[in-house]
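Remarks on the overall topology
What follows is the residue order along each chain.
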Amino acid sequence: MERKNAWDKYDKKGLKKVMDFAEGYRKFISDCKTERESVDEIIRMAEADGFKNLDAVIKKGTKLKAGDKVYANNMGKTLALYVIGKEPMENGMNIVGAHLDSPRLDLKQNPMYEDTDFALLDTHYYGGVKKYQWVTIPLALHGVVAKKDGSVVKIAIGEKPGDPVFTITDLLIHLSADQMTKTASKVIEGESLDVLIGSIPGPKQGKDKKDIKDRVKANILEIIKKEYKFEEEDFLSAEIEVVPAGPARDLGFDRSMLLGYGHDDRVCAYPSYKAMLEIGTPKKTACCLLVDKEEIGSVGATGMHSRFFENVTAEIMNLMGKYSDILLRRCLKNSCMLSSDVSAGYDPLFPSVMEKKNTAFLGRGLCINKYTGSRGKGGSNDANAEYMAKIRKIFDDADVYFQTAELGKVDQGGGGTIAYILAEYDMNVIDSGVAVLSMHAPCETISKVDLYEALLGYVAFLKNA
Ligand code: MN
Ligand code: MN
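To start, this report covers the structure provided alongside it. (Residues numbered from 1 in each chain as written. Chains lettered and ligands numbered in written order. Predicted model: local features only at pLDDT ≥ 70, side-chain atom pairs only at ≥ 80, totals over all residues. Heavy atoms only, no water.)

Next up on the list: the coordination of the manganese ion (ligand 1). Coordination of the manganese ion (ligand 1) by the protein comes from His99 (NE2), Asp264 (OD), Asp341 (OD) and Asp341 (OD), over a distance range of 2.2 to 2.6 Å. Distance-wise, the manganese ion (ligand 2) is placed 3.4 Å from the manganese ion (ligand 1), both being coordinated by Asp264. Of the two residues, Asp264 sits in helix α6 (residues 263-275) while Asp341 sits in the loop between β14 (336-339) and β15 (343-344), which places them 77 residues apart along the sequence. Residues Asp264 and Asp341 agree in their burial class; the two are buried. (Donors = N, O, S within 2.8 Å, 3.2 Å for Na, K, Ca; no water. Helix = DSSP H or I, 4+ residues; strand = E, 2+ residues; numbered from the N terminus. Buried < 20%, exposed > 50% of the residue type's maximum accessible area, 1.4 Å probe, protein only.)

Dropping the structure here:
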């Protein structure tokens, strides 16, 4: 039952394809660290690849037909892309769905303060993080500042050579006698995740000759005003994410892996999108969902629980000239989905949490999780055996190397994905993605060959499910 190592599959020419695809992905995750940046970039690529904006199609009133490619953008954070198939929509779609948000630190609405001649930014962490991993590393600020005049300032500071970076400090080992006795969840507490952003005091008096207090903070605000054109009060309507600074890197002498921020879940989102370009005009309509807020429960207007996907699918059917409530319900019920999300990879440094027969290994291909969940499959989608059989056949027929896994040992913990949300439409859904080491850490590790098998698997699924 042991699964084959996917590197063995490739000759020199094949290896080049694997490495080239990974290089495109490496650049993508180096440039796109937030859900908004990912959406912007995928829209740019999609338009170059012939996708039309659904809003423009609706406005023009043109009908959609087989082979047409459209995308819908939800608040700049979630995307749904469709390649219209030859069969009627009520026969169902083949859907791949990944998420674009990753664990990080978000700035609070009122983030800035000065203490002992330092200026700092207060944060609230987003998603599941080991807080102690986020200190003493170079950090970048990415996000938007929405101003009252309706304009939106986009920022990404800490990525270009020559940009300053930011950091969160940790206690020196020499004085850590108390700290080192604490449990890992308390070593660095949430309220200690404050980002250091400056230390030069500004002038003692303002133009009105009044004394200025908090002169370091005042000086930073002057710099922000000059370089980024916003003021302290504008933080109230900003979404700024603190993420690890710098690009993703090739990992290992053999360059077989990638070390970078936010593989969860861009390592599935990227091949999900790229698969849409490899299917020509499919039998069934193909859909790629790239959603936000998975890491905090798929909530809100841009999370998978939102009506966005259902609304857009209704619009698509309407533009194909055949919409009714019952046809939409049939379309959703008859659809098949791969919930493309990452799996926990086996780490030889931490063998005790894994059960080796049912664990994903880096390099052994696309990973299928029949179920996720925790404490007795709680919260899991648990796909049907019949659907699992169908997916195995599709992958085997297309020579996709795959493996099956669950998330660690029973009773050790667990996790979830968006799978169960789409399954609520009475749709067949199964989790399938790339194995990751150090999941949710500032720098995660994946295997390039698993990324490539994911592409091949998603293509085979969209064509043949
Ligand atoms: Mn994920
Ligand atoms: Mn995650």
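Relative to the 28 Å expected for 20 residues at 1.5 Å per residue, helix α1 (residues 12-31) spans 29 Å between its end C-alpha atoms, a close match to the ideal helical length. In this structure, the buried residues of α1 make contact with α2 (35-48), β11 (249-251), β12 (257-260), α6, β22 (444-447) and α11 (448-464). (Expected span 1.5 Å × (residues − 1). Contact = heavy atoms within 4.5 Å.)

Burial along strand β16 (residues 366-369) is two-sided: Leu366 and Ile368 facing one way and Cys367 and Asn369 facing the other are all buried. Sheet topology note: the β16/strand β18 (residues 402-404) ladder contains 3 bridges and is parallel. In the sheet register, Cys367 faces β18, and the bridge partner there is Gln403. Here 3 bridges tie β16 to strand β20 (residues 428-433), and the two strands are oriented antiparallel to one another. (Pairing = 2+ DSSP bridges.)

Taking 1.5 Å of rise per residue, the 17 residues of α11 would be expected to cover 24 Å, and the 25 Å separating its terminal C-alpha atoms lies within 8% of that figure. With 14 of 17 residues buried, α11 lies mostly within the body of the structure.

In this section: the sheet that holds strand β1 (residues 52-53). Judged by pairing direction, the sheet is mixed, and its 9 strands sit side by side in the order β1-β2-β3-β13-β4-β14-β20-β16-β18 without closing on themselves. Two strands bound the open sheet, and with one partner strand each, they are β1 and β18. Examined bridge by bridge, β14 and β20 share 4 bridges and lie parallel to one another. Within β20, the position partnered with Ser339 by the bridge is Asp431. Sheet strands in contact with helix α7 (residues 308-319) are β2 (69-74), β3 (78-83), β4 (94-99) and β13 (286-291), and its direction is about 30 degrees off that of β3. (Axes fitted to C-alpha atoms, helices over the stretch in contact; angles between N-to-C directions.)

Packed helices, taken two at a time, are described by the angle between their axes plus the distance between the axes. Viewed as axis vectors pointing N to C, α1 and α6 meet at an angle of 125 degrees, and their least axial separation amounts to 11 Å. Here α1 is positioned oblique relative to α6, judged by the angle of their axes. By crossing handedness, the relation of α1 to α6 is classed as right-handed. Taking contact as the criterion, the partners of Phe21, Gly24, Tyr25, Phe28 and Ile29 in α1 are, on α6, His263, Arg266, Val267, Tyr270, Pro271 and Lys274. By residue class, the composition of the contact of α1 with α6 is 7 nonpolar, 2 polar and 2 charged. (Parallel < 35°, antiparallel > 145°, perpendicular 65-115°, else oblique. Left-handed = near helix turned anticlockwise from the far one by under 90°. Nonpolar A, V, L, I, M, F, W, Y, C, P; charged D, E, K, R; others polar.)

Attention shifts here to the pattern of salt bridges. Within this structure, the stated rule accounts for 27 salt bridges. A salt bridge links Asp122 to Lys108; its shortest N-O distance comes to 3.6 Å. You can see Asp122 sitting in strand β6 (residues 118-126) and its partner Lys108 sitting in strand β5 (residues 104-115), a full 14 residues away along the chain. Given a relative accessible area of 13%, Asp122 falls into the buried group. Between Glu232 and Lys217 there is a salt bridge, and its shortest N-O distance comes to 2.7 Å. (Salt bridge = Lys/Arg side-chain N within 4 Å of Asp/Glu carboxyl O.)

Tetrahedral metal sites with four donors have an ideal angle of 109.5 degrees; octahedral sites with six donors have ideal angles of 90 or 180 degrees. Taken together, the protein donors to the manganese ion (ligand 2) comprise Asp264 (OD), Glu295 (OE), Glu295 (OE) and His440 (NE2), at separations of 2.0 to 2.6 Å. Ordering the donors of the manganese ion (ligand 2) by residue number gives the pattern D-x30-E-x144-H.

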